[in-house]
Amino acid sequence: MMYMLSNRDKITAPSYDQGLLWVTLLLLGFGLVMVYSASIALAEADKATGHQSTYFLVRHAIYLVLALLAALAAFQVPTRYWQQVAPYLFIGGLALLVMVLIPGLGREVNGSRRWIPLGIATLQPSEFMKLFATIYVADYTVRKAAFLDSFTKGFLPVLVVMLVVGGLLLREPDFGAFAVIAAISISILWLGGINGRIFAGLLVLLLVGVVILIWSSPYRLQRITGFWDPWADPFGKGYQLSHALIAFGRGEWFGVGLGASVEKLLYLPEAHTDFLLAVIAEELGLAGVAVVVMMFAWLVLRAFGIGKEAASHERHFSALLAQGIGIWIGVQAIINMGVNMGLLPTKGLTLPLLSFGGSGIVANCVALAVLLRIDWESRRLAKGVPA
């Protein structure tokens, strides 16, 4: 009998979501190519890289290998374990955010203290905090489902912990990461059934808070004024955005050709990280940008589809986690694209799965591995096989 059940399980074992996997791998591979193209001039000009044109290519390839190994390990973890360790992951993320602010532990670059040196590499805690916050808020929403109509029992506790996270991120400062985590948290609470009046009040509070943060900081206010009219000061506040817009203009419909970008020749700062999309636009044109946008849109829609399927099996934590991951990828991609196109103020946010950066790539791949695991478990349950 045991032998027959074993064979039955093997025969009926459902497959993984091949579309999700292949779109993710395509984005990672495309990102490797574009990071190399966007970083050649910088690598050759910078003494710190040894004037080696492949410096960023090799490092990004190493990050990809590490990210895929981490994703493979994350896929082996049942979703229920992520729920069990959610509070501990969140506390660990808070500890890392505190550590990065300690002089001597955190590394400061261009006025921001966001990185912890680890010898040959650096750790950016805010990238992993996005994942930990997604898991924690999904778990919190499920645990407090009976109290989501109550301000004091349901909403206030999560508001307090998120304000702590926001305070730490704004001390770095990393307003972009704060915006993404706030969007993830609010969206999961809404999807989890939070009281409508509390939700509306939260949106108003968030809007007021953003306005106060902008007006209280000359640095952020300059970002806003530079975003409104980058051509008013093209060699100062509007320098980055004006060159990004030039890159989009030069690309026209089909681009100037892979590797033929002019803006990446030390004109456009952060071409291989925050402004990679501008290089894609210049080299591959509107067609290339449209393909990238469609792939991200497909990922987000698939995440919500996986969440809906999990909910149909009454796996509420898995459903909220899947949708939270989709919101994370979608919101960060929209912000990065908006910044590159001049639709949003400049923020230090990379394009998920594409831009150079080890912490971001690892966190994104682990999150998508968890998404694959949620789908895999739902498929097993649909065929009557224990997840």
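This structure is a prediction, so every number in the text was calculated from the model and none was measured.

(A) Region of the structure containing a nonpolar patch on the surface. Taken together, the side chains of V58, I62, V65, L66 and L69 present a nonpolar region at the surface, about 450 Å² in accessible area. The residue L66 is located in helix α3 (residues 55-75) in this model.

(B) Highlighting the packing of α3 against helix α14 (residues 358-382). The interhelical angle for the contact between α3 and α14, taken along N-to-C directions, is 30°, at an axis separation of 8 Å. Taken together, the axes of α3 and α14 lie roughly parallel to each other. Like other packed secondary-structure pairs, α3 and α14 cross with a definite hand, here right-handed. Residues H60, Y63, L64, A67, A70, A71, A74 and F75 of α3 form the contact with α14, whose participating residues are G358, I361, V362, C365, V366, A369, L372, R373 and W376. Taken together, the residues that form the contact of α3 with α14 break down as 14 nonpolar, two polar and one charged.

(C) Structural detail: the sheet that holds strand β2 (residues 112-117). The three strands are arranged β1-β2-β3 in an open sheet whose pairing can be described as antiparallel. Two strands in the sheet have a free side with no partner beyond their single neighbour: β1 (107-109) and β3 (122-123).

(D) Just the packing of aromatic side chains, in detail. Per the stated rule, a full pass over the model turns up seven aromatic pairs. Ring geometry for Y63 and F356: centres 5.6 Å apart, planes at 55°, overall tilted. Of the two residues, Y63 is situated in helix α3 and F356 in the loop between α13 (316-340) and α14; the sequence distance between them amounts to 293 residues. Per residue, the accessibility class of Y63 equals that of F356, and both read buried. Seen in terms of ring centroids, F90 and Y136 are 4.3 Å apart; in terms of plane orientation they differ by 20°. Their pairing is stacked. On the criterion of sequence distance, the pair formed by F90 in helix α5 (residues 86-99) and Y136 in helix α6 (residues 125-143) is long-range, its members being 46 residues apart. Residue F90 is classed as buried on the basis of its relative accessible area, which comes to 4%. The class for Y136 is buried, based on a relative accessible area of 10%.

(E) Region of the structure containing α3. Relative to the 30 Å expected for 21 residues at 1.5 Å per residue, α3 spans 30 Å between its end C-alpha atoms, a close match to the ideal helical length. Here α3 has its buried residues at F56, H60, Y63, L64, A67, A71 and A74. Buried residues in α3, looked at end-on, bunch into an arc of 110°, giving them a common side. Opposite the packed face of α3, turned more than 90 degrees from it, sit the exposed residues L69 and L72. In this fold, the buried residues of α3 make contact with α2 (18-45), α4 (79-84) and α14.

(F) Summary view of the environment of D229. Position of D229 relative to the elements: it lies in the loop between α10 (218-228) and α11 (239-251). Taking the C-alpha atoms as reference, D229 lies 9.5 Å from L241; in sequence the two are twelve residues apart.

(G) Inspection of the pattern of salt bridges at higher detail. What the rule picks out here adds up to ten salt bridges. Here D375 ties to R302 by a salt bridge, and the two come within 3.5 Å at their closest N and O atoms. With D375 in helix α14 and R302 in helix α12 (residues 276-312), the pair connects residues that are 73 residues apart, well separated along the chain. A residue is classified by how much of its surface remains accessible, and D375, at 4% relative accessible area, is buried. Via salt bridges that share partners, D17, R302, D375 and R379 belong to a single interconnected network.

Cut-offs used in this document
Residues numbered from 1 in each chain as written. Predicted model: local features only at pLDDT ≥ 70, side-chain atom pairs only at ≥ 80, totals over all residues. Heavy atoms only, no water. Patch = residues over 30% accessible without salt bridge, like charges linked within 9 Å, V, L, I, M, F, W, Y side chains within 5 Å. Areas by Shrake-Rupley, 256 points an atom, 1.4 Å probe, with all protein chains shown as cover. Salt bridge = Lys/Arg side-chain N within 4 Å of Asp/Glu carboxyl O. Helix = DSSP H or I, 4+ residues; strand = E, 2+ residues; numbered from the N terminus. Axes fitted to C-alpha atoms, helices over the stretch in contact; angles between N-to-C directions. Parallel < 35°, antiparallel > 145°, perpendicular 65-115°, else oblique. Left-handed = near helix turned anticlockwise from the far one by under 90°. Contact = heavy atoms within 4.5 Å. Nonpolar A, V, L, I, M, F, W, Y, C, P; charged D, E, K, R; others polar. Pairing = 2+ DSSP bridges. Phe/Tyr/Trp six-rings, centres within 6.5 Å; stacked < 30°, edge-to-face > 60°. Buried < 20%, exposed > 50% of the residue type's maximum accessible area, 1.4 Å probe, protein only. Expected span 1.5 Å × (residues − 1). Arc of directions from axis to C-beta.

Just geometry here; none of it tells us what the structure is for.
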